[in-house]
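# Breakdown of the fold
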Amino acid sequence: NSLILSAVSFVISVVSLAWSYTSYIAEQKDGALSLTWDPTSRIVLFISNLLLIFARMNCIVLFMFYFGPGRIYPGMLFLICHIILMMMIHAYNVIHYMTDQKQSSEEGYFRRLFHVSLMNGLANVFINNFVHVSLNNQKSLGKKKKKTFYRQIIGDIIFFTENIFCVVFGCMTINVSPINNPVTMTYFVTIIFSCHIIGILLKVFYYKFLHIWKDLTPTFDFSKRSFKRADDPIHLFKKKKTTM
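Residues numbered from 1 in each chain as written. Predicted model: local features only at pLDDT ≥ 70, side-chain atom pairs only at ≥ 80, totals over all residues. Heavy atoms only, no water.

On to the overall build of the protein chain. Looking only at helices and strands, the protein chain features six helices and three strands. Put simply, the protein chain has 244 residues, and 38% of those count as buried. Within the protein chain, residue pairs in contact and separated by at least 24 positions form 66% of the contacts whose partners lie at least 6 positions apart. In the structure as shown, the protein chain presents an accessible area of about 15400 Å², 68% of it carried by carbon and sulfur atoms. (Helix = DSSP H or I, 4+ residues; strand = E, 2+ residues; numbered from the N terminus. Buried < 20%, exposed > 50% of the residue type's maximum accessible area, 1.4 Å probe, protein only. Contact = heavy atoms within 4.5 Å. Areas by Shrake-Rupley, 256 points an atom, 1.4 Å probe, with all protein chains shown as cover.)

Taken over all residues, the pLDDT of the protein chain has a mean of 80, while the share at 70 or more is 75%. The lowest-confidence element of the protein chain is strand 3 (residues 232-235), averaging 46 in pLDDT; the highest-confidence one is helix 2 (residues 39-66), averaging 92. Counted against residues more than four places away or in other chains, residues 138-144, with its pLDDT under 50, gives three contacts. Contacts for the low-pLDDT stretch residues 233-244, under 50 throughout, to residues beyond four places or in other chains number 14 contacts. (pLDDT = per-residue confidence, 0-100.)

Below, the discussion takes up a nonpolar patch on the surface. Nonpolar side chains collect at one region of the surface, where Phe-160, Ile-164, Val-168, Met-172, Ile-197 and Leu-201 lie side by side and expose about 540 Å² of accessible area between them. Secondary structure elements with two or more residues in the nonpolar patch: helix 5 (149-173) and helix 6 (182-210). Here the nonpolar patch gets four residues from one element, more than from any other, and that element is helix 5. For Val-168, the position within the fold is in helix 5. (Patch = residues over 30% accessible without salt bridge, like charges linked within 9 Å, V, L, I, M, F, W, Y side chains within 5 Å. Salt bridge = Lys/Arg side-chain N within 4 Å of Asp/Glu carboxyl O.)

What follows is about the packing of aromatic side chains. Aromatic ring pairs are reported here in terms of the distance separating the ring centres and the angle at which the planes meet. Counting across every chain of the model gives 13 aromatic pairs. Centroid distance Tyr-206 to Tyr-207: 4.9 Å. Interplanar angle 75°. Geometry classified as edge-to-face. Its relative accessible area of 2% is what places Tyr-206 among the buried residues. The structure contains a cluster of three or more aromatic residues connected by ring pairs, namely Phe-63, Tyr-66, Phe-67, Phe-78, Phe-165 and Phe-169. (Phe/Tyr/Trp six-rings, centres within 6.5 Å; stacked < 30°, edge-to-face > 60°.)

As a further point, take the side chain of Asn-163. Here Asn-163 shows up in helix 5. Other than its neighbours up to four places away in sequence, Asn-163 contacts Arg-56, Cys-59, Phe-193 and His-196.

Another point: the environment of His-196. Residue placement: His-196 occurs in helix 6. The spatial distance from the C-alpha of His-196 to the C-alpha of Arg-56 is 7.9 Å, given a sequence separation of 140 residues. Every residue in contact with His-196, bar those within four places of it in the chain, is listed here: Leu-52, Ala-55, Phe-159, Phe-160 and Asn-163.

Rendered as structure tokens:
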């Protein structure tokens, strides 16, 4: 009975968390992702979030098993380091790319920057997420949200790398039946990373084909080694200057 209750609790937690993230993203789209207006996009994004959260939670659980029963402090330290890393990424993104919010001379700017960065760090524990909050005192209604393409890429790479790290540590010394069985462990790890990869692919599919601004989603041009968004190329390598 306790095992069934634990499984039901885990499923409810994953589903509710995935739906919460999806609802927040839908709220940012001003109704464009409502179930009555565009249910397909909403469901695809929900399934993507569901799979990514499922994979992330299981990776963290495996990492916790490495240190033994009741020893949650290393796992908490890992999560705190992850939160700080995501805070730094968000703060860097705000300072260097969100020029409409760069008002360092305004009173309380850095306090608000820390608060918003902390909010984003906590919101990025289980999934790569972006919480848009204006740092200015003035209302930002009608202002265009800045591009977060590179932030999304970096965040997804960090999550994938951390998940591999957690699984490797967990598989080294886990001694809990039936996961300690090599065959069962292989199947379990395969399911985890299959969910993660499928979640990423669904996320790419959504932004490339279902997003309301899908035509602005960058595509990679292998011949020019650059991302291209509409008619605006984003080069990975600086072009050499030519002299006459």
